[in-house]
Amino acid sequence: MPLLDTQNLTVSLTQDGIETPLVRDVSFSVERGETLAIVGESGSGKSVSSLAIMGLLAKALQIQSGRILFEGRDLRTLDDEALRQMRGRDMSMVFQEPMTSLNPVRSIGSQIIESIEENLGFSRSDARARAIDLLKEVGVADAERRLKQYPHHFSGGMRQRVMIAIALAAEPKLIIADEPTTALDVTIQAQILDLMARICKDHGTALILITHNLGIVARYAQRVNVMYGGRIVESGDARAIYNAPRHPYSEGLLRSVPRLDQDRSIPLKPIQGSPADPFTSISGCRFHPRCPYATHICKQEVPPFTAGVACHFPLTADALESAS
Amino acid sequence: MTALLRIDDVSVHFPIRKGLLQKQVGEVRAVEGVTLSLQRGEAFGLVGESGCGKTTLARTVLRLVDPTLGAIWFDGTNISDLRGKALAPYRKQVAAIFQDPFSSLNPRMTSGQILSEVLHVHAFDGSIPDRVSELLSLCGLAPRFADLYPHEMSGGQRQRVGIARALALDPELIVCDEAVSALDVSIQAQIINLLEELRVKFGLTYLFIGHDLSVVRHLCDRLAVMYLGRIMETGTSDEIFSSPRHPYTQALIDAVPAPDPDGEDAREHVNLAGEIPSPLDPPSGCVFHTRCPIAFSKCATDVPPLQRLGGHHAASCFAIDQNKKTTDPKIRNAKSQ
């Protein structure tokens, strides 16, 4: 049984009585201890689907259909209290901007200690000792003194370390990290991602890493879901997708990024047009207006997700060869 | 040939004032002794992390900030002393593209109005509506975009309007401050290609500020790597990326993950320890010594000069002669030196 099994998840935004699906029929699973990356651009539904898993959707967003099974338990059948207990203890989340997810008027220590007391039922002094251990584990030097400090005393990288310490406090089985290093400098990004990778390995924690950075996926994830327009368009082993993408969107993404490991004179091949706007209705495959290979059927029928790809005409290795 | 833009030993210091009398209690040395020159028609990159002074330097070139020391020469004229009206001709020849087109475009004006305003202010002689459609089409936007407000456009389209505005007065130099950083991957590639195309078409010169090394390498012929206000290394893109000589440059390149799982697995990573020190209180000697894997005692006391390495390549590091083993950007082992 996978740790997390999301089945046919559809999440919609209701605004002025109009329902707009943001996540459409998304199914994927996460095994214990593995790192799954979710890649996509703005509006792809990558963040909304993870918020749905955490039960943290804003009021206007609702799960329309589908199941989210965590160790076989359907999270949608749990009440708020039961779900609240699962958060922190079984799964936790690290967000992009640590300044907005930490309380600015409370010390770092009280925020970490609170989550330990809450999730593990420790006494205050035990929780404090555990908080110091956690800060040391995530590489915050001089942990005892820093417990008394406030978020504004910490740099961006250090705040993200604190968030990881909080996420880790109760040794959850799953951590969802939503663009955890997008706001950080590149040398600090490497430190934070290496830290997360090491911690997940040491504790056997599964990690869902949401990012738009294809390099990060290549360095840290074993499996990847590529999302576009609210759907998973391709899913599978990271290596296989990078070496031979089967969905035209995955191929387009990989050819759009300038790379340090390639000749700089290789021209970029951007995908035409703009990412699908959830508020605009697009018939058939949502990628078809931007797809160089689209045909008549792509405009009419939503391609089913089969064998790891949702495309009427998945690319084959030969086609890729002749195109490049 | 004289350089189009010459930044001559420029330092920018901001005073820190405190108390009722606003007494100066210290200063932030945002840029310290930077010398660069840009040839006409080239794209020059400035890379570095937060607080390295790249944006302050760009703002100094735009004359939004005054240099504390040094001078900026544009096409043979010292523009760092010019004030008020005397600056008008310079402002026509230098334009800027900013990171976030949503905050740099007036939300109450259509893109047509935004573009006409620039033309109007600088007394464009010719048909303004014609020029507006020409600018839009140069940037890949249909004429109907003239009637749209910023919020009616996507991020990529807004950035195209930002570029059209920069092009409006036929400038010589465009300062691009993180011009593609806020865009989605697929859109970023479109804008990078557009910037390249426009540079070739109009013989533009770019000062391109960015934190994404792969983007800067792709777009720029030459670049400078900055750290805490100083230039650590400068050279052509090929010199810097195929044989980086400064340990900071090496670490920066190493920190960028490549979209290639096999390559990433094969690569050994050495992360820089520690954080970027505050520019309020920069380290003594070489500003990088506190994080440098190969620092020795001299680095903490003396400031290393920018040393020529042949070609355009120069780096400021005392250990430059010992630190040249690395030639393949995929194999980086600064620590083993």
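Not measured: the values here are computed from a predicted model. (Residues numbered from 1 in each chain as written. Chains lettered and ligands numbered in written order. Predicted model: local features only at pLDDT ≥ 70, side-chain atom pairs only at ≥ 80, totals over all residues.)

Draft legend 1. Molecular detail of the overall build of chain A. Helices and strands together make up the secondary structure of chain A, namely 13 helices and 10 strands. For 324 residues, the compact-globule estimate of 2.2 N^0.38 gives 20 Å, and chain A sits close to it at 21 Å. Its C-alpha atoms give chain A principal-axis dimensions of roughly 65 × 50 × 40 Å. Contacts in chain A between residues far apart in sequence, at least 24 positions, make up 65% of those at least 6 positions apart. (Helix = DSSP H or I, 4+ residues; strand = E, 2+ residues; numbered from the N terminus. Rg over C-alpha atoms; globule rule 2.2 N^0.38 Å. Contact = placed C-beta atoms within 7 Å.)

Draft legend 2. The overall build of chain B, seen in detail. Helices and strands together make up the secondary structure of chain B, namely 12 helices and 12 strands. Relative to the compact-globule value of 20 Å for 337 residues, chain B shows a C-alpha radius of gyration of 21 Å, a close match. By principal-axis analysis of the C-alpha atoms, chain B measures approximately 65 × 60 × 45 Å. Across the 337 residues that make up chain B, the buried fraction comes to 47%. Of all intrachain contacts in chain B linking residues separated by at least 6 positions in sequence, the fraction that spans at least 24 positions is 66%. (Buried ≥ 20, exposed ≤ 12 C-beta atoms within 10 Å, placed from the backbone.)

Draft legend 3. Seen up close, the interface of chain A and chain B. Tallying the contact residues gives 36 residues for chain A and 40 residues for chain B. Put simply, the parts of the chain that give the side of chain A that touches chain B at least two residues each are helix H8 (186-203), helix H9 (214-220), helix H10 (238-243) and helix H11 (248-256) of chain A. In terms of residue count, H8(A) provides more of the side of chain A that touches chain B than any other element does, seven residues in total. Of the residues that constitute the side of chain A that touches chain B, the class distribution is 17 nonpolar, 11 polar and eight charged. (Nonpolar A, V, L, I, M, F, W, Y, C, P; charged D, E, K, R; others polar.)

Draft legend 4. A look at helix H4 (residues 108-120) of chain A. Residues and elements named next belong to chain A. The end-to-end C-alpha distance of H4, which contains 13 residues, comes to 18 Å, matching closely the 18 Å that a straight helix rising 1.5 Å per residue would cover. Residues of H4 that are buried include every one of Ile-108, Gly-109, Gln-111, Ile-112, Ile-113, Ser-115, Ile-116 and Asn-119, and no others. If you follow the buried residues of H4, they end up packed against helix H2 (80-89), helix H5 (124-137), helix H6 (143-146) and helix H7 (156-168). A positive phi of about 65° marks Gly-121, the residue just after H4. (Expected span 1.5 Å × (residues − 1).)

Draft legend 5. Just the pairing of strand E3 (residues 43-47) of chain B, in detail. All names here are of chain B. Of all five residues making up E3, five are buried, and the element is well covered by its neighbours. Where E3 meets strand E8 (residues 205-210), five bridges bridge the pair, whose relative direction is parallel. Its bridge partner lying in E8, Leu-46 is registered against Ile-209. One ladder, built from four bridges, connects E3 with strand E9 (residues 222-227); its direction is parallel. Note that in E9 the partner of Gly-45 across the bridge is Leu-223. (Pairing = 2+ DSSP bridges.)

Draft legend 6. Here's a closer look at the packing of helix H4 (residues 111-121) of chain B against helix H6 (residues 155-167) of chain B. All names here are of chain B. Packing of H4 against H6 brings their axes to within 9 Å, and their N-to-C directions diverge by 20°. With respect to their mutual orientation, H4 and H6 come out roughly parallel. Judged by the sense of rotation from one axis to the other, the crossing of H4 with H6 is right-handed. Mapping the contact onto sequence places Ser-111, Ile-114, Leu-115 and Val-118 in H4 and Val-161, Ala-164 and Arg-165 in H6. When its residues are assigned to classes, the contact of H4 with H6 shows five nonpolar, one polar and one charged. (Axes fitted to C-alpha atoms, helices over the stretch in contact; angles between N-to-C directions. Parallel < 35°, antiparallel > 145°, perpendicular 65-115°, else oblique. Left-handed = near helix turned anticlockwise from the far one by under 90°.)

Draft legend 7. Here's a closer look at the sheet that holds strand E6 (residues 94-97) of chain B. Residue and element names in this part refer to chain B. Sheet architecture is open: eight strands sit in the order E6-E7-E8-E3-E9-E10-E12-E11, paired in mixed fashion. With partners counted over all chains shown, the strands left at the sheet margins are E6 and strand E11 (307-308), one partner each. Here helix H1 (residues 54-61) sits on the sheet and contacts E3, strand E7 (173-177), E8 and E9; the angle it forms with E8, its principal contact strand, is near 150°. The sheet strands contacting H6 are E6 and E7, and the helix crosses E6 at an angle near 175°.

Draft legend 8. The arrangement of the confidence of the model for chain B in detail. Residues and elements named next belong to chain B. Per-residue confidence for chain B gives a mean pLDDT of 90, with 96% of residues at or over 70. Contacts for the low-pLDDT stretch residues 327-337, under 50 throughout, to residues beyond four places or in other chains number 30 contacts. This prediction of the complex comes with two scores: 0.89 for pTM and 0.85 for ipTM. (pLDDT = per-residue confidence, 0-100.)

Draft legend 9. Geometry of the packing of H6(B) against helix H7 (residues 185-202) of chain B. All names here are of chain B. Between H6 and H7, whose axes approach to 10 Å, the crossing angle comes to 15°. Judged by the angle between their axes, H6 and H7 are roughly parallel. Considering the relative orientation of H6 and H7, their crossing is right-handed. From H6, Gly-155, Gly-156, Gln-159, Ile-163 and Leu-167 reach across to H7, where they touch Ile-187, Gln-190, Ile-191, Leu-194 and Leu-198. Among the residues forming the contact of H6 with H7, the class breakdown is six nonpolar, four polar and no charged.

Draft legend 10. Seen up close, the sheet that holds strand E1 (residues 4-15) of chain A. Residues and elements named next belong to chain A. Spatially, the four strands line up as an open sheet ordered E2-E1-E4-E5, and their pairing is antiparallel. The open sheet has two edge strands, strand E2 (18-30) and strand E5 (73-74), and neither has a second partner. Pairing of E1 with strand E4 (residues 61-70), which is carried by eight bridges, proceeds in the antiparallel orientation. In the sheet register, Ser-12 faces E4, and the bridge partner there is Gln-62.

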